[in-house]
Amino acid sequence: MAAPPDMELPAALSLELLPTDPLLLILSFLDYRDLVSCCYLNRRLNQLSSHDPLWKRHCKKYWLISDEEKSRRNQGWRAMFISTYRDLGRYIHYYATLKKAWDDLEQYLGQWCPRMIGSLKESVREEDLDAVEAQIHCKLPDDYRCSFRIHNGQKLVVPGLMGSMALSNHYRSEDLLDIDTAAGGFQQRLGLKQCLPLTFCIHTGLSQYMALESVEGRNKYEIFYQCPDQMARNPSAIVMFITGTSYLEWFTSYVNKVVTGGYPIIRDQIFRYVHDKDCVATTEDITVSVSTSFLPELSSVHPPHYFFTYRIRIEMSKDALPENACQLESRYWRITNAKGDVEEVQGPGVVGEFPVISPGKVYEYTSCTTFSTTSGYMEGYYTFHCLYNKDRFFNVTIPRFHMVCPTFKVSTA
């Protein structure tokens, strides 16, 4: 509706007349790109968008710069944001996530695996990563490059940063490769064409690879273990057990599992056993819990042979009466594969031992099993006899625990 002819309209508000504080409040909600754009609109917005406290949020959000670091560097927030952006700007969508993962991992290792800290290498320069791309004639994904701007993997040592696994006659410990070693292992052969190794185990020769291109049935940046297809006529045919869809997802999910206690620390090493919190059973004063792991280096798809290891923890409550101390006599297993085929196993002790359990004591052991199907489960019980009443025997439930092979693909080489 038009205004009456005798009504006086207010003059248009000028940006120069608006008070500073509300404008700064509005600017504080803008992302760094919009804040930069404001610098080019007019003189007033240029002055306001250069207000140093506005850049504190962006420094913390994108570069994880703390107040202590600001004091140490003796720079303003805006100057620090700009200088960091000039160096790491292409990684702005990855840096904070990867830097936090590395910081969390270092803090955790310092507490639980201190000798592993010394194996970590310092960051690489941008030109070093460019030189590797020129060497392998392939582009590296930005999340991978970003991680190596923080830490250049680790030295080839034991234990490896990416986890260990040990059985009676088998040991694996994976190092996170530095950029030069990874480039030296870049593959162009049939079956692993344009694949870059991320990890390496000195004992088994096992690596996890990242596909730098979508070839031979792989998705670009997919990460996998490879094993030979033993029934294929072509020796280049391999099977790929998928462990990640991108470097960012692969690395941060592993770190999260480590720092939240998802993997046990055994002899100053990270062991890659996965524990299902529901996989716990208590009988009287004794609690049994189970964690499991899939071993790709001992598995095969053709012919079907899926190898799993499991670690069992048997613990008596510290509040139990001393006369409840007992000794494990025998075990019974009911093993079921994905087809419903059942195998029953019964025998004395566990791994050749007959452990004694008393209040507050823990006994752990590792064993293994194989399936001809990609999944299966085990359950059963231990039979104990009381040390102070040798005529009393009782069964302790082993909770049902499932083992599932990771997603796999057959190479189309």
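Residues numbered from 1 in each chain as written. Predicted model: local features only at pLDDT ≥ 70, side-chain atom pairs only at ≥ 80, totals over all residues. Heavy atoms only, no water.

1. Digging into the overall build of the protein chain
In step 1: Within the protein chain, the secondary structure is distributed over 12 helices and 19 strands.
In step 2: Its C-alpha atoms give the protein chain principal-axis dimensions of about 105 × 60 × 55 Å.
In step 3: In the protein chain, buried positions account for 47% of the 413 residues.
In step 4: The contacts of the protein chain with a sequence gap of at least 6 include a subset with a gap of at least 24, amounting to 61%.
In step 5: Accessible surface, the protein chain as shown: approximately 21000 Å² in total, 51% of it carbon and sulfur.
In step 6: Charge separation in the protein chain, taken as the distance between the mean sites of 43 positive and 48 negative side-chain charges, equals 3 Å. (Helix = DSSP H or I, 4+ residues; strand = E, 2+ residues; numbered from the N terminus. Buried < 20%, exposed > 50% of the residue type's maximum accessible area, 1.4 Å probe, protein only. Contact = heavy atoms within 4.5 Å. Areas by Shrake-Rupley, 256 points an atom, 1.4 Å probe, with all protein chains shown as cover. Lys, Arg positive; Asp, Glu negative; His and termini not counted. Charge placed at Lys NZ, Arg CZ, Asp CG, Glu CD.)

2. Examining the nonpolar core
In step 1: In this structure, Leu-140, Tyr-144, Leu-161, Tyr-247 and Phe-251 are the most contacted members of the largest nonpolar core, which totals 61 residues.
In step 2: No other element matches helix H7 (residues 95-112), which puts 7 residues into this core.
In step 3: The residue makeup of this core includes at least three contributed by each of domain 1 (20-90) and domain 2 (95-260).
In step 4: The contacts of Tyr-247, once residues within four sequence positions are left out, are Leu-98, Asp-143, Tyr-144, Ser-147, Phe-148, Leu-176, Leu-198, Met-210 and Ile-223. (Core = buried A, V, L, I, M, F, W, Y, C linked by side-chain atoms within 4.5 Å. Domains from an automatic or database assignment.)

3. A short note on unusual backbone geometry
In step 1: The peptide bond linking Val-158 to Pro-159 adopts the cis configuration, its omega dihedral lying at 10°.
In step 2: Relative to the elements of secondary structure, Pro-159 occurs in the loop between helix H10 (142-150) and strand S1 (164-167).
In step 3: The omega torsion of the bond from His-302 to Pro-303 falls at 0°, within 30 degrees of zero and hence cis.
In step 4: Checked against the element boundaries, Pro-303 lands in the loop between strand S11 (286-294) and strand S12 (306-316).
In step 5: Even without a glycine there, the phi angle at Asp-268 is positive, about 65°.
In step 6: When you line up the elements, Asp-268 lands in the loop between strand S8 (265-266) and strand S9 (269-270).
In step 7: At Val-351, a position not held by glycine, the phi torsion is positive, near 45°.
In step 8: By secondary structure assignment, the location of Val-351 is in the loop between strand S14 (342-348) and strand S15 (356-357).

4. Section: the pairing of strand S10 (residues 274-283)
In step 1: Bridge count between S10 and S11: 6 bridges; the pairing is antiparallel. Each bridged residue has a counterpart across the sheet, and for Val-274 the counterpart in S11 is Thr-292.
In step 2: Joining the antiparallel neighbours S10 and S11 is a turn of 2 residues, in which Glu-284 adopts a positive phi near 55°. (Pairing = 2+ DSSP bridges.)

5. Brief notes about the sheet that holds strand S16 (residues 362-371)
In step 1: Strand order across the open sheet formed by 4 strands is S10-S11-S12-S16, with antiparallel pairing between neighbours. Of all strands in the sheet, those with a lone pairing partner are S10 and S16, marking the two edges. The mean angle between the axes of side-by-side strands here comes to 20°, regardless of whether they run parallel or antiparallel. (Axes fitted to C-alpha atoms, helices over the stretch in contact; angles between N-to-C directions.)

6. Some remarks on helix H1 (residues 20-27)
In step 1: Where H1 is concerned, the buried positions are Leu-23, Leu-24 and Leu-27. Angular distribution of buried residues about the axis of H1 spans 100°; they occupy a single face of the element. Summarising the geometry of H1, the exposed residues directed more than 90 degrees from the buried face are Asp-21, Leu-25 and Ile-26.
In step 2: In the core, the buried residues of H1 are packed alongside helix H2 (32-38) and helix H3 (43-49). (Arc of directions from axis to C-beta.)

7. Regarding the domain arrangement of the protein chain
In step 1: Per the domain assignment, the segments making up the protein chain are domain 1 (20-90), domain 2 (95-260) and domain 3 (273-405).
In step 2: Relative to domain 3, the C-alpha centre of domain 1 lies at a distance of 57 Å.

8. Side note on the sheet that holds strand S5 (residues 208-211)
In step 1: In space, the 5 strands of this open sheet follow the order S3-S5-S6-S7-S19, with antiparallel pairing throughout. Among the strands making up the open sheet, the edge pair consists of strand S3 (195-197) and strand S19 (408-410). Averaged over all pairs of adjacent strands, the angle between their axes in this sheet comes to 40°, without regard to strand direction.
In step 2: Taken together, the 3 bridges between strand S7 (residues 238-244) and S19 define a ladder with antiparallel strand orientation. Residue pairing for S19: Phe-241 is matched across the bridge by Phe-408.
In step 3: This element, helix H12 (residues 247-259), spans S5, strand S6 (223-228) and S7 of the sheet and lies at about 65° to S7.

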